[in-house]
Amino acid sequence: MSTAKRLLSGRPTKMRITSRPGEVIDRSKPVRFTWNGREKSAFEGDTIISALAASGERVFSRSFKYHRPRGILTATFHDPGCSVQVGDEPNVRGSHRLVTAGMKVTAQNVWPSLKLDVASANRAAGRFIGAGFYYKTFIKPERLWPTYEKVLQRFAPGGRVSADSPHGSYDKRYAHPDVVVAGGGPAGMAAALGAAEAGARVMLVEEEHSLGGHLRYGSETELAALAELRREVEASGAIEVLVNSAVTGRYDGNWIAILQRNLPHVTERLVKARAKVVVAAPGLIERPYVFEGNDLPGVMLSTAARRLLNLWAVAPGTRAVVLSANEEGDATAADLSDAGVHVAQVVDARRGEQVVRARGAGSLSEVELGDGSKVSCDLLVTAVGWTAPTLLLNVAGDRPVYDERAARFVPGDGLPANVLATGGIVGDGPTAALVEHGRATGRAAAERALARDGTSVTIPSLSPAPHPALYRSRTHGIVDFSEDISSKDLVSAAREGYDSVELLKRYTTATMGPAQGKLETINTVAVLAEATGRSIAETGTTVWRPPHVPVSLGALAGRVLEPVRYSPMQPWHEAHRATPIVAGQWIRPEHYGDPAREVRTVREHVGLIDVTPLGKLDLRGPDVPKLLNFLYVNKWLKLDIGSVRYGLMCGEDGVVLDDGVTGHLGEDHYLMSTTSSGADAVAHWIENWLQTTFPDWQVYMTPMTTAYASINVAGPKSRELMSRVVSDVDLSPEAFAYMQVRRGTICSVPGCVMWRIGFTGELSYELHVPAGYGLYVWESLLAAGEDLSAGVFGLEAQRIMRLEKGHLIVSQDTDGLTQGYGVGLDGLIKLDKEDFAGKQELEWQLERQGYNHLVALLPDDASVVPPEASQIVTGDRSIVGRVTSSRLSPSLGRSICLALVAPQLAETGKSVTVHLPDGTDVRAKVSEELAQFDPGGERLRA
Amino acid sequence: MILIPCPHCGDRNSSEFTYAGEVHSRPSPGDARQGPWRDYLYGKDNPAGWTEERWFHGSGCGKYLRAERHTVTNEIRATRPEVGAGASSRTRP
Amino acid sequence: MRRATRAGGAPQRYSAASLFRHGLTHEDWERVWRTVEMRRSYDAVVIGAGVHGLATAYYLASNHGMGNVAVVDKGYVGGGGSGRNTAIIRSNYLTPEGVRFYDRSTRLYENLSATLNFNVMFARRGHLTLAHTDASVRTMRWRAEVNKLEGVESEVIGPDEVKELVPFMDTSTKTRYPILGALYHPPGGIIRHDAVNWGYARAADSLGVEIHQGTEVTGISTDRGRVTGVTTSRGAISAPVVVNCTAGWASLVATMAGVRLPIITHPLQAAVTEPVKMFLHAVVVSGSLHVYVSQTDRGELVFGASTDPYASYSMRGSLEFTEELATHVLELMPSISKMRVLRQWAGLCDITPDFSPIMGVTPVDGFLVDVGWGTYGFKAGPAAGEAMAELVATGKTPESIAAFDLARFEEARLVGERGAAAVGH
Ligand SMILES: Cc1cc2nc3c(=O)[nH]c(=O)nc-3n(C[C@H](O)[C@H](O)[C@H](O)COP(=O)(O)OP(=O)(O)OC[C@H]3O[C@@H](n4cnc5c(N)ncnc54)[C@H](O)[C@@H]3O)c2cc1C
Ligand SMILES: [Zn+2]
C-alpha cells in the first residue's frame, strides 16, 4: 500500500495521522465548523488551518498581487497565506485561532472564489507589474487615475468589515510585576523560574496556546524536559502565566503592552505593565528560502511541518523532499518518516546540495534540484536558518548586528539595564543550555528589579551556532509572501536606485505587510546586499516597529468609558424633555421646546436657568486682590466686601482669554466665576502664576465648579420670587443692589452665595447652592413661583437674551488673535496699572491700531438672520469681517448680530455687505450700541 | 509612557501631568522692550538633549515642578519642586 | 552660475508603453537619481531631502534654470516627515492667505504626476471635518465661507449627508459627542507621499541638482552676517545661499547659523491597520475627538491624531497614542472594533505659535528658512518649493508667502490658523 493510501484509509479525515506523543488535540471532542459554507470536522485543540489541512485542504488564500494560490508556510500566527474571515471578523490568523463549534470560516481575498480565480490573469502579466509599476504608469491622462484606482482597490487584500458589527467586549488591566518575561519557551520559562526563585513577582507571556515553545513539537526528551518545566512553573506561586497572549511593545519607562486573548467573555484585554525589568525570550523565527516556486502550496518551513505533525497529528503531505541545513531539518525528515510520510529525498545544504525550483499547477508536484534532477513530491520542507525577532530590544534602543558565522542578526550591546534577553534570540544550544541561560538571566532580572546587588549572578555564555548563509537559490522567488514581492522585484528596484534598505522597503513595500517583516526582512536585506555587492552587515536592517502582533482597535480602546458631567438638576431636565446640548464635558439643556417662549417668560415674568457648568474658583488669602489685579485688565485693589465686579482676562500676548465676575465674600475671601468652557484653563492659569511667578503671594485657590449647583433667577419678578425663599438676606434694591453679593439661606439651605448680576439684562440673581441641594432648590423655586408664572429657560434663550444685550461670549465673538482692545470693553483696560497679564501687548495694540472691532449689526431686512460665520465683504469680495453671533430677537421682533469688522467699518450707521452661505448678499448697518434691548440697563438695576 | 518622579508624590505616569515646557523668565514689567518680550512669548531653545522644563501635576499634588529631561531619550534624571527650588529634590539612582 | 544641465541626457520616460517594453526585455530601468561625488561649492545648498527641500531644488532648476544646487540630507530621501505623514492634501484653511497658498499647492499636486512623469497617486476622495459642537459648526462654516470666497470648494453639510458619504459612521444622537455636521471639501484627498518625494528627486536630478544622502550638516559658516556655506559629515561646501528645510530639526540647524526660531519639536504619531476591503472612501477628521482616518487603495486604514503632549525628538511612539486613537475612532465607527493596528510610527513636527509656517529670509543674509510646517506641511511642499525657489533666484519674497515671514513674531503679526490646523493636518 502506498503511503498516500495508508494515510487516507480508515480515518475520519484524510490527512489526520495516528496519535502523536505531544499532540494538543482532544480526539474525544469533535467540533464542527464550516469552511466556505461547507461543513468540516475537527477536534478541540485544532487551529482552523490544522483542521482544514487534516481534511485535505491545501489552499487557503490567494496572493495579493498575482493571485497565486497560497497554503501553509509557517503554521504559526504569522503564516502569511492563512488569514481567513471568521464571521464578521476579518484577517483572522487561521494557523493560530482555535476552531470552535459552529464557526463560520471563509477564505478572503479570492475573487470570485478560491478555486476559480479571475485575477490570476495578473500572473501572466506579472513580468509587467513588478514592484513600483504604479509609479511608472497611469500617469496620463490624469483624469483616468480615479478609474484605475477603483480597479486597484478591487485587489486590495484582506477581509471584510460590516457596518452592523457590535462593538464587542474588551477590557484593560494595569499590572506592576517586577519582571515580565516575553516568550514562554524553555529559556523564557526558566527565566521566569529564576526570577521567581530570586523573589520577584513575574508575568510570563506566551503567544501560543500553551507554554513550551519549540519543545512542544520536539523529541521525546524535549517533551519530558517541557513537562518538568511546566510542573515547576505551576508550582511556583510567583509566576502569573498568560498564554495566547503577546507582548506587543515596550515603550518609554519599561511600559509593556500585553495583548491577552485567553479570557472567557472578553474578546481581548490590553494589559499595561509597568515592569521593573523585562526579559525578551521570543525564540527564533524560521526563515523561508528564496527560489522559483517557493510559494506553492506544499512548500513549507521545517517548523511548520513539525508543528502539523506533532501538535495536531496532521500529515503535511504524502511524499516529501526535505532541504536541510541544520539539525531541525534533519529532525523534521525523521519525524516525517516516523509519521508515515514518505521522504523521497533529503537535500543536504551543508554538502552544497540545492533546491532550484518547485513546480506544480495549483500546488506542488515536483522539485528540481541543483544537479538538475527532478523529484516528484507534494511536500517540500525547507530548513535554511533563523531570524531573531528583536523588536523588543530595538524599541529599547538596541541595534541588531549581523553575525556572519551564524548567518543571522543578533542583539547588539545597546540595551538599557531594565531589558535583558535570553534563549534563541541570544544564541543556540541544547535545551539544558537554554534553560541554564534563562534561569540565570531571570535571576539577574530579579536582582535588578528588586534593586539588589546583582553581581552574584553570572550568566553563562550562549552564542549563536555557526550556520551556512542560505538566502536565495540560483532562481528568483518570493521574498515577501504577504506583499507578493519577489527577489527579482527587489533586485530591479535596487538597480533603479532604491538601494538602501529603507528606500527599497518603501518602494517595493517588502516587509510592510501583515507579518511586518518577521519572515521577510532578512531575505530582503540579503537580496539587496547581493544586488549592490555589499555585505549584509553593511546593508543593515530596517527598524522593527510596534506592535509585535496586530492589536484590535477594540482592545486598544477597552471598555467605552467617556466621562460625562451633569448638573444635580439633570433628572428634572430629563423629566421635562430638555433638548440636550454637548458643551465640552458637560451635557446641559439647550431648551425645553420653545426658546422664544422661554425668552418671553424671562422678559415678562421670571425664569430659571441651570448654570452649574459656570467655572467657580474659591480664592482665599490676603493677596487675592493683588492676584485679581494681575489677572484682569481692570482694577481690583478696592472692592468692598459684598460687591462683585466684572473682569476681562487676557493672555500675555494680549489675546482675550476669559471673562466673568468675581465677588468679595468676606475677609480675604473671594469667589471667582469663569466661563463654562474656560473653567479648567483659568484654574491652571492661576496656579501657574502663583506657583511659578508669585510664590510669595498668599493665596489659596480651590476649584468649586461642581461643589455648587448654580441657578440664575432672571426676570422682573425675580425679586418677588427670591423674597419667598430667602429669609436671612434683605433683598430690597437699596440693601442688595446690582453688582452685589450676599451669603445666606435659600429654601432653608444655608451656605448659599447669591449675586445680583445678569447676562440676560433683567433683574436677576445668580445662586450658588451646595450641589447636593441643587435639585431641591430648583424644584422649590419653581413651586414657589408658580403663581408668578415662573418657568425655566435653556442655553438658547440665554444666548438670545445676551445677544439682545450685546454681551460678548469669549471665543465666539473673539478668536485666537482677538486682543483686548476692540471688543467693546476698551474702558475696562487700565494701562495705568503697574502690571497685569497682557499689559505690554495691549499697550502696543493701542499704539499700532488697525485691529478689528466688535460691533452690533442690524440687517436692513429685519427678517434675515445671517448665519454665524457669514463673511463681511467689500465690493471686490475681499473679507473685512464676519458675523460672530446672530439670532432673531423675540423681544425686538427683528434679526440682530454681533460682528468683528475692520476698523474702517466700525462706525455707527455704516452700511456693510454680508455675504450669506447661500451665496446671496444682504446689507446691514452698524448700530450705535452693542445692546439692542434696554441699552441703558434700567431693567437690570431695577 | 514616561514615569515622572514627582518630588511630592513619587513616581507617576506622565499622563497625570500637564507639560508646561521650557522655562523662560518674564521680562520685568515697565522696562519691557518688544524684542525681549516677544522672545519671552514665542522664542524657544528647543534643544535636542538635556533640558530643564516645567510639568504640572494636575492629577496628583497640583504642584508645578521642574524636571531635567533628555529630549531624545525622554529620560528624566532629576526633578525638584518649582517653589522653594533646591529643597527635597529627587534624583534617580 | 551654471545653467541647469541634464544629467546623462533626457530622463527615461515612464509610461504604460515603456513598462511593457521593460517587461518584455527585462532590461534595467535607468537609475531614479544619480549618486555622484559631492563638490566643494554650489550656487545653493538645500538642507533636508524632504518634500520641501526637494521641491525647492526642483523648481530652482526647472523654473529658474538654477541646477547647480545640492540637496543634502543626513538620512535618505524622504526619511523625515515627508515619508512618515498621513498624506492628506486639502486647502480648506481658515485665513484667506492660508487658503490661497494651500490652494496653489493643491493645484500643483493635481498636475504633479504629469509634471514629474511619476505617478504620485493623488486621489481626491473628499475630505470631511466633523463638527460635534455648535462652536465647531460655526468654525466649519467660517472656513467654508472663506474657502468659497477664495474659490475653493467647501461646504457645511448635515449628519444625513455625512452618513451618505461614510455609511460606517455613527451619526445617531446616542453617541457621547453626536455629529452635528461637517465641513465637506470635495477636492481634498490623499496621495502617495514617497512617490512625491521620489518624483521630485528624480526630476530635480535630471535637471542637474545633486542629491547627497547620508550627509549631515554639522555647522553653518557665516561671514559678517552673510552665509558662506555649510560643514557636513562629508566635508565643507561653500554656497552663497543655504535653505533650511529640516522640519522637526529646524531649530537645531538654525541655531548653527545663530538664528533663533519660535519652534518646538513635538512627535506626531500615526498608525495603520491591516487591510480590509474598501469601505471608507472619504478622509474623515474629527477635531473634537482628535483623530482622523482614511483608507488607502491597499485597504489599510491610516490614522493620525494630535501631537504628543510634550516636546521630544524621539520617534519611538507610545502606547497611549494608539489607545486614545482607537477609543476615538470607535466612537465614530463602532463597528470596526475587530480591525487591528498593524504598525505605528512617529515623525517630528516643528510647531509654531500660530500653527502657520515660517518661510523667507532670516537675520543672516542668504540663510533662508522654509520651516514650521508642523503637522500639515506635506500638502504645502509644491507651493512652498515654488515660492522658495523664486526667493532664492530673484532675491525677492513672493507675495504668496509674505504673510509667513519670521519677523512676524517679533512684530506680533501672527496668522490665525490655529482652528483649522490643529488636528486636521
Ligand atoms: C505622523 C505625521 C502625519 C502627518 N500628516 C500630514 C498630512 O496628512 N498632511 C500634511 O500636509 N502634512 C502632514 N504631516 C506633516 C508633514 O509630514 C511635514 O510637515 C512635512 O513632511 C515636512 O516636510 P519637510 O520637507 O519640510 O521636512 P522633512 O520631510 O521632515 O525633511 C527634513 C529632512 O531634514 C533632514 N535633516 C535634519 N537635520 C539635518 C541636518 N543637520 N543635516 C542634513 N539633513 C538634516 C532630515 O533627515 C529629513 O530628511 C504629518 C507629519 C507626521 C509626522
Ligand atoms: Zn505630585
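Conventions and cut-offs
Every chain is numbered on its own, with residues counted from 1 as its sequence reads. Naming scheme: in the order in which they are written, chains are lettered from A and ligands are numbered from 1. The predicted nature of this model means local features are confined to residues of pLDDT at least 70 and side-chain atom pairs, given and counted, to a pLDDT of 80 or more, with totals for whole chains, interfaces and linings taken over all residues. With hydrogens and water stripped out, all remaining heavy atoms of the structure feed into the side-chain values. Secondary structure elements are taken from DSSP: a helix is a run of H or I of four residues or more, a strand is a run of E of two residues or more, and numbering for both begins at the N terminus. Under the scheme applied here, a residue whose accessible area is under 20% of the maximum for its type counts as buried, over 50% as exposed, and between as partly exposed, the area being computed with a 1.4 Å probe on protein chains only. Throughout, a residue-residue contact means that at least one pair of heavy atoms, one from each residue, lies within 4.5 Å. For the area figures, the Shrake-Rupley method with a 1.4 Å probe applies, and any residue is considered shielded solely by the protein chains shown. One heavy atom within 4 Å of a molecule or strand makes the whole residue count as near it. Here a polar contact is recorded for every N or O atom pair within 3.5 Å, except that within protein the pair must consist of a potential hydrogen donor and a potential acceptor, and residues adjacent in sequence are included only if both atoms are side-chain atoms. By definition, the buried area sums, over both parts, the 1.4 Å-probe accessible area that each loses when the two are put together. Whenever a carboxyl oxygen of Asp or Glu lies within 4 Å of a side-chain nitrogen of Lys or Arg, that contact is scored as a salt bridge. Counted as coordinating are nitrogen, oxygen and sulfur atoms within 2.8 Å of the metal, or 3.2 Å for Na, K and Ca, while water is not included, which may make sites look incomplete. Metal sites are grouped by the angles between bound donors: all angles between 85 and 135 degrees with four donors is tetrahedral, opposite donors over 155 degrees apart with the others between 65 and 115 is square planar for four donors and octahedral for six, and any other pattern is irregular. What counts as a ring pair is set by centres within 6.5 Å for rings of Phe, Tyr and Trp (its six-membered ring), and what kind of pair is set by the plane angle: stacked under 30 degrees, edge-to-face over 60, tilted for all other angles. Where a domain begins and ends is set by an automatic assignment or by a domain database. Nonpolar residues are Ala, Val, Leu, Ile, Met, Phe, Trp, Tyr, Cys and Pro. Charged residues are Asp, Glu, Lys and Arg, and all others, Gly as well, are polar. Within the patch definition used here, like charges are joined within 9 Å and nonpolar side chains (Val, Leu, Ile, Met, Phe, Trp, Tyr) within 5 Å, considering only residues with over 30% relative accessible area and no salt bridge. Charged residues are defined here as Lys and Arg on the positive side and Asp and Glu on the negative side; His and the ends of the chain fall outside this count. Lys charges are placed at NZ, Arg charges at CZ, Asp charges at CG and Glu charges at CD. Axis angles are defined between N-to-C directions and span 0 to 180 degrees, where every axis is a line fitted to C-alpha atoms and, for a helix, only to the segment in contact. Crossings are sorted by hand: turned counterclockwise from the far helix by less than a right angle, the near helix makes the crossing left-handed, and turned clockwise it makes it right-handed. For two strands to be treated as a pair, DSSP must find no fewer than two bridges joining them. Residues belong to a common nonpolar core when they are buried Ala, Val, Leu, Ile, Met, Phe, Trp, Tyr or Cys residues joined through side-chain atoms within 4.5 Å.

Student: Would you take a moment to explain the overall build of chain B for this structure?
Tutor: Within chain B, the secondary structure is distributed over one helix and seven strands. Along the chain direction, N to C, the helices and strands of chain B fall in the order β-β-β-α-β-β-β-β. When burial is assessed residue by residue, chain B has 48% of its 93 residues classed as buried. Of the contacts formed within chain B by residues at least 6 apart in sequence, a portion of 43% connects residues at least 24 apart. Of the roughly 4,100 Å² of accessible surface on chain B, 46% is carried by carbon and sulfur atoms.

Student: Help me understand the site of ligand 1, please; the structure alone is not making it clear to me.
Tutor: All names here are of chain C. Every one of the 38 residues lining ligand 1 counts as a neighbour, but Asp73, Gly81, Ser82, Val217 and Lys379 are closest to it. With respect to ligand 1, the side chain of Asp73 contributes an N or O atom lying 2.5 Å from an oxygen atom. Coverage of ligand 1 by the protein amounts to 98% of the 1,000 Å² it exposes when considered alone. Counting only elements with at least two residues in the shell around ligand 1, the list comes to helix 2 (51-64), strand 13 (264-273) and strand 17 (340-351). Per element, the largest residue contribution to the shell around ligand 1 is three residues, and it comes from strand 13.

Student: Any chance you could explain the interface of chain C and chain A here in plain terms?
Tutor: One frequently used descriptor of interface size is the decrease in accessible area upon assembly of the parts. The partner chain A presents 100 residues to the 88 residues of chain C that form the contact. Among the residues of chain C in contact with chain A, C:Arg176, C:Lys277 and C:Lys338 are the three that bury the most area, contributing 9% of the side total. In this assembly, chain C and chain A are joined by 10 salt bridges. Residue C:Arg316 pairs with A:Asp252 through a salt bridge whose shortest N-O separation is 2.7 Å. Across the contact surface, chain C and chain A share 36 residue pairs in polar contact (both at pLDDT 80 or more). Looking at the side of chain C that touches chain A, the elements with two or more residues in it are helix 1 (16-25), helix 3 (96-110), helix 4 (112-116), helix 5 (134-149), helix 7 (193-206), helix 9 (319-332) and strand 17 of chain C.

Student: What am I meant to see in the coordination of the zinc ion (ligand 2) here?
Tutor: Geometrically, a metal with four donors at the corners of a regular tetrahedron has ideal angles of 109.5 degrees, and one with six donors at the corners of a regular octahedron has ideal angles of 90 or 180 degrees. All names here are of chain B. Bound to the zinc ion (ligand 2) on the protein side are Cys6 (SG), Cys9 (SG), His57 (ND1) and Cys61 (SG), at distances that span 2.0 to 2.3 Å. One can describe the donor arrangement at the zinc ion (ligand 2) as tetrahedral, given that its four donor atoms subtend angles of 106 to 113° at the metal. Counting along the primary sequence, the residues that act as donors to the zinc ion (ligand 2) give the motif C-x2-C-x47-H-x3-C. Note that Cys9 is positioned in the loop between strand 1 (3-6) and strand 2 (10-13) and Cys61 in the loop between strand 4 (50-56) and strand 5 (64-70), a separation of 52 residues in sequence. The exposure class assigned to Cys61 is partly exposed, which follows from its relative accessible area of 25%.

Student: What's the story with the packing of aromatic side chains in this structure? I'm lost.
Tutor: Remark: the centre distance and the inter-plane angle together describe each pair of aromatic rings, the angle taken between the planes. Taken as a whole and judged by the stated rule, the model has 41 aromatic pairs over all chains. Measuring from ring centre to ring centre gives 6.0 Å for A:Trp689 and A:Phe694, while their planes differ by 25°; the resulting arrangement is stacked. Accessibility classification places A:Trp689 together with A:Phe694 in one group, the buried group. The interplanar angle of 55° and the centroid separation of 5.4 Å between the aromatic rings of B:Trp55 and C:Tyr310 together place this pair among those described as tilted. Of this pair, B:Trp55 sits in strand 4 while C:Tyr310 sits in the loop between strand 16 (301-305) and helix 9, on two different chains.

Student: Help me out: how do you make sense of the domain arrangement of chain A in this one?
Tutor: All names here are of chain A. Here the domain parsing of chain A yields domain 1 (23-155), domain 2 (166-286 + 385-469), domain 3 (471-562), domain 4 (605-612 + 706-801), domain 5 (615-703) and domain 6 (849-942). Every contact between the two is made by 17 residues of domain 1 and, on the other side, 18 residues of domain 3. Summing both partners gives a buried area of about 1,400 Å² for domain 1 against domain 3, and 59% of it is carried by carbon and sulfur. It is Arg70, His78 and Ala131 in domain 1 that bury the most area against domain 3; as a group they hold 34% of the surface buried on that side. On inspection of domain 1 and its partner domain 3, the count reaches one salt bridge. Close ionic contact of Asp484 with Arg70 constitutes a salt bridge, the shortest N to O distance being 2.7 Å. Counted by class, the side of domain 1 that touches domain 3 contains seven nonpolar, six polar and four charged residues.

Student: What exactly am I supposed to notice about the pattern of salt bridges here?
Tutor: It is possible for side chains of opposite charge to pair when their charged atoms get near one another. Evaluation of the coordinates by the stated rule reveals 87 salt bridges over all chains. Residues A:Asp348 and A:Arg351 are paired through a salt bridge, measuring 3.8 Å at the closest nitrogen-oxygen approach. A salt bridge links C:Glu150 to C:Arg100; the shortest N-O distance between them is 3.0 Å. With C:Glu150 in the loop between helix 5 and strand 5 (155-157) and C:Arg100 in helix 3, this pair connects stretches of sequence that are 50 residues apart. By relative accessible area, C:Glu150 is classed as partly exposed at 22%. The class for C:Arg100 is partly exposed, based on a relative accessible area of 49%. One continuous salt-bridge network, built from bridges that share partners, spans A:Glu796, A:Arg799, A:Glu868, A:Arg887, C:Asp134 and C:Arg138.

Student: Looking at this structure, how should I read the side chain of B:Thr51?
Tutor: Counting through the fold element by element, B:Thr51 comes out in strand 4. Ignoring any residue separated from it by four or fewer positions in sequence, one finds B:Thr51 in contact with B:Ala67, B:Glu68, B:Arg69 and B:Thr71.

Student: Looking at this structure, I do not really get a negative patch on the surface. What am I missing?
Tutor: Residues and elements named next belong to chain C. There is a patch of like negative charges on the surface, built from Glu153, Glu155, Asp160, Glu161 and Glu164. Counting residues per element, the negative patch draws most heavily on helix 6 (residues 159-165), at three residues. In this structure, Glu164 sits in helix 6. Classification of Glu164 as exposed rests on a relative accessible area of 68%.

Student: I keep staring at the interface of chain A and chain B and nothing clicks. Help me out?
Tutor: Contacts between chain A and chain B engage 23 residues on the former and 25 residues on the latter. Counting each side, the surface lost to burial between chain A and chain B is near 1,900 Å², with a carbon and sulfur contribution of 51%. Across the contact surface, chain A and chain B share three salt bridges. Of the charged contacts in the structure, one is a salt bridge between B:Arg26 and A:Glu652, with a shortest N-O distance of 2.4 Å. Run the count over chain A and chain B and you get 11 residue pairs in polar contact (both at pLDDT 80 or more). Mapped by element, the contributors of at least two residues to the side of chain A that touches chain B are helix 20 (679-693) and helix 24 (839-848) of chain A. Examining the composition of the side of chain A that touches chain B, we find that six residues originate from one element, helix 20 of chain A, more than from any other. Taken together, the residues of the side of chain A that touches chain B break down into eight nonpolar, six polar and nine charged.

Student: Before we go on, may I ask you to explain the packing of helix 8 (residues 302-312) of chain A against helix 9 (residues 327-338) of chain A in this structure?
Tutor: Between two packed helices, both the angle of their axes relative to each other and the distance between the axes serve to describe the pair. Residue and element names in this part refer to chain A. Axis separation between helix 8 and helix 9 bottoms out at 9 Å; the angle between their running directions is 35°. Considering how the two elements wind past one another, helix 8 and helix 9 form a crossing that is left-handed. Here helix 8 contributes Ser302, Ala305, Arg306, Leu309 and Asn310 to the contact with helix 9, which in turn contributes Glu328, Gly329, Ala331, Thr332, Asp335 and Leu336. Here the contact of helix 8 with helix 9 is built from residues that sort into four nonpolar, four polar and three charged.

Student: In this structure, what is going on with the pairing of strand 12 (residues 245-251) of chain A? I would like to understand it.
Tutor: On a regular strand, each side chain points to the face opposite its neighbour's, so the side chains alternate between the two faces of the sheet. All names here are of chain A. The buried fraction of strand 12 amounts to seven of the seven residues, a majority that puts the element mostly inside the structure. In the sheet, strand 12 pairs with strand 13 (residues 255-260) via six bridges, with the strands oriented antiparallel. The residue of strand 13 that forms the bridge with Val247 is Ile258. Counted along the chain from strand 12 to the antiparallel partner strand 13, the turn is three residues long, and its residue Gly253 has a positive phi close to 80°.

Student: Where do I start with the sheet that holds strand 12 of chain A in this structure?
Tutor: Strands pair in a sheet through their backbones, by hydrogen bonds, and they do so in one of two ways: parallel or antiparallel. All names here are of chain A. In space, the four strands of this open sheet follow the order 8-14-13-12, with mixed pairing throughout. For this open sheet the edge positions go to strand 8 (170-175) and strand 12, each flanked by a neighbour on one side alone. Neighbour-to-neighbour, the strand axes of the sheet open up by a mean angle of 20°, direction not taken into account. Pairing of strand 13 with strand 14 (residues 268-274), which is carried by six bridges, proceeds in the antiparallel orientation. The residue bridging Leu259 from the neighbouring strand is Leu270, located in strand 14.

Student: Is there a simple way to explain the nonpolar core in this structure?
Tutor: General note: in soluble globular proteins, nonpolar side chains tend to be found buried as a group. Counting residues in each nonpolar core, the largest one holds 110 residues, and the members touching the most others are C:Phe101, C:Tyr109, C:Ile191, C:Val196, C:Trp198 and C:Tyr200. Among the elements that line this core, the one with the most residues is helix 2 of chain C, at eight residues. Residues within four places of C:Ile191 in sequence aside, it is in contact with C:Ala87, C:Ile89, C:Tyr109, C:Val120, C:Met121, C:Phe122, C:Val196 and C:Phe378. In terms of nonpolar packing, the next biggest core, distinct from the first, is built from 57 residues, A:Leu619, B:Tyr40, C:Val227 and C:Ala250 among them.

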